[in-house]
Amino acid sequence: DVKVVDDGVMISITDTLGYPMFEIGSAKPTGPIVVAMSSIAEAISGQPGKIRVYGHTDGRQYKAEKDGNWRLSADRARAAYLMLLHGGLDDSRVVQIAGFADRRPRVADNPLADENRRIEILIEKP
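Basis of the calculations
- Each residue is numbered by its place in its chain's sequence as written, counting from 1.
- Only residues with pLDDT of at least 70 get local features here, since the model is predicted, and only at 80 or more are side-chain atom pairs given and counted; chain-wide, interface and lining totals rely on the full set of residues.
- Side-chain numbers come from the whole structure's heavy atoms, not from hydrogens or water.
- In this text, helices come from DSSP runs of H or I with a minimum length of four residues, and strands from runs of E with a minimum of two, each type numbered from the N-terminal end.
- The size measure is the radius of gyration over C-alpha atoms, and the globule rule it meets is 2.2 Å times the number of residues to the 0.38 power.
- When checking whether two residues touch, look at their non-hydrogen atoms; a contact exists if any pair is within 4.5 Å.
- Computed with the Shrake-Rupley method and a 1.4 Å probe, the accessible areas treat only the protein chains shown as cover for residues.
- Charged residues are defined narrowly, with Lys and Arg counted positive, Asp and Glu counted negative, and His plus the chain ends left uncounted.
- Every charge is mapped to an atom, namely NZ of Lys, CZ of Arg, CG of Asp or CD of Glu.
- In this description, a nonpolar core means a group of buried Ala, Val, Leu, Ile, Met, Phe, Trp, Tyr and Cys residues linked to one another through side-chain atoms lying within 4.5 Å.
- Relative accessible area decides the class of each residue, using a 1.4 Å probe on protein chains only: under 20% of the type maximum gives buried, over 50% gives exposed, and in between gives partly exposed.
- Expected helix span is taken as 1.5 Å per residue step, with the number of steps being one fewer than the number of residues.
- The directions considered for the arc run from the helix axis to the C-beta atoms.
- N or O atoms within 3.5 Å of each other form a polar contact, as long as, within protein, one can give a hydrogen and the other can take it, and as long as residues adjacent in sequence are counted only when both atoms are side-chain atoms.

**Student:** How should the overall build of the protein be read in this particular structure?
**Tutor:** When you go through the protein residue by residue, the secondary structure sums to two helices and five strands. Ordered by position from N to C terminus, the α and β elements of the protein give β-β-α-β-α-β-β. A compact globule built from 126 residues would reach a C-alpha radius of gyration of about 14 Å, and the protein, at 14 Å, matches this within 12%. Expressed along its principal axes, the backbone C-alpha trace of the protein runs to roughly 40 × 30 × 30 Å. Considering only residue pairs separated by 6 or more positions, the protein has 76% of its internal contacts joining residues 24 or more positions apart. Entry remark: accessible area of the protein is about 7,000 Å², with carbon and sulfur atoms responsible for 51%. The protein carries 17 positive and 18 negative side-chain charges, and their two centres are separated by 3 Å.

Shown next as structure tokens:
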């Protein structure tokens, strides 16, 4: 999903494409998301603007020794960032990598919706 927002252009990748982006409870990417992120990196490399990468989880309470969904969303945002770099994005353009856990759901009335599990890439207005 690509939308023009107040700050620039937001690219949102969700689990609704018929496959999970990451292994369950993990920041280990699946094959299709690696390919997709490489294509995204190639497409945005020629576009001006700083980049912000955000990770989001759904409302399922993932329990780990530390941090749960907060850590998972941040780890997935970092994994997305690394995939973008591997795809050719210039590291100097990235100004933020952040995880929002389940605090900013895309589908607010269904916290468990697949669409809430997503990576967002904001290309800021130059």
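**Student:** Where do I start with the nonpolar core in this structure?
**Tutor:** What tends to happen in soluble globular proteins is that the nonpolar side chains get buried as a cluster. Counting residues in each nonpolar core, the largest one holds 22 residues, and the members touching the most others are Ile-13, Met-37 and Ile-121. For this core, the elements supplying multiple residues, two or more each, are strand 2 (8-14), helix 1 (31-45), strand 3 (51-56), helix 2 (69-86) and strand 5 (118-124). Grouped together as the second largest cluster of nonpolar side chains are five residues, Met-10, Ala-98, Phe-100 and Leu-122 included.

**Student:** What's the story with helix 1 in this structure? I'm lost.
**Tutor:** Along an α-helix, a turn takes 3.6 residues, which lines up residues three or four apart on a common side. Compared with the 21 Å implied by 1.5 Å per residue over 15 residues, the 21 Å span of helix 1 between its first and last C-alpha is a close match. Turning to helix 1, its buried residues number three or more, namely Ile-33, Met-37, Ile-40, Ala-41 and Ile-44. The buried residues of helix 1 all sit within an arc of 105° when viewed along its axis, so they share a single face. Relative to its buried face, helix 1 has exposed residues pointing more than 90 degrees away, namely Val-35 and Glu-42. Turning to helix 1, the residues buried within the fold contact strand 2, strand 3, helix 2 and strand 5.

**Student:** So what exactly am I meant to see when it comes to the side chain of Asp-15 here?
**Tutor:** Within the fold, Asp-15 resides in the loop between strand 2 and helix 1. A relative accessible area of 9% means that Asp-15 is categorised as buried. Here Met-21 takes part through its backbone nitrogen, which lies 2.8 Å from a polar atom of the side chain of Asp-15. Within polar-contact distance, the side chain of Asp-15 engages the side chain of Arg-117 at 2.6 Å. Setting aside anything within four residues of it in sequence, one finds Asp-15 in contact with Pro-20, Met-21, Asp-114 and Arg-117.

**Student:** What is the right way to look at the environment of Asp-67 in this model?
**Tutor:** By the secondary structure assignment, Asp-67 is in the loop between strand 3 and helix 2. Asp-67 gets classed as partly exposed once you look at its relative accessible area, which sits at 49%. Remark: the alpha-carbon pair of Asp-67 and Ala-101, spanning 34 residues in sequence, is separated by 9.7 Å.

**Student:** How should the side chain of Glu-120 be read in this particular structure?
**Tutor:** Relative to the helices and strands, Glu-120 is located in strand 5. Glu-120 sits in the buried class, given a relative accessible area of 13%. In terms of polar contacts, Glu-120 uses its side chain to reach the side chain of Arg-118, at 3.1 Å. When residues no more than four places from it in sequence are discounted, the contact partners of Glu-120 are Met-10, Ile-11, Ser-12, Arg-52, Val-53, Tyr-54 and His-56.

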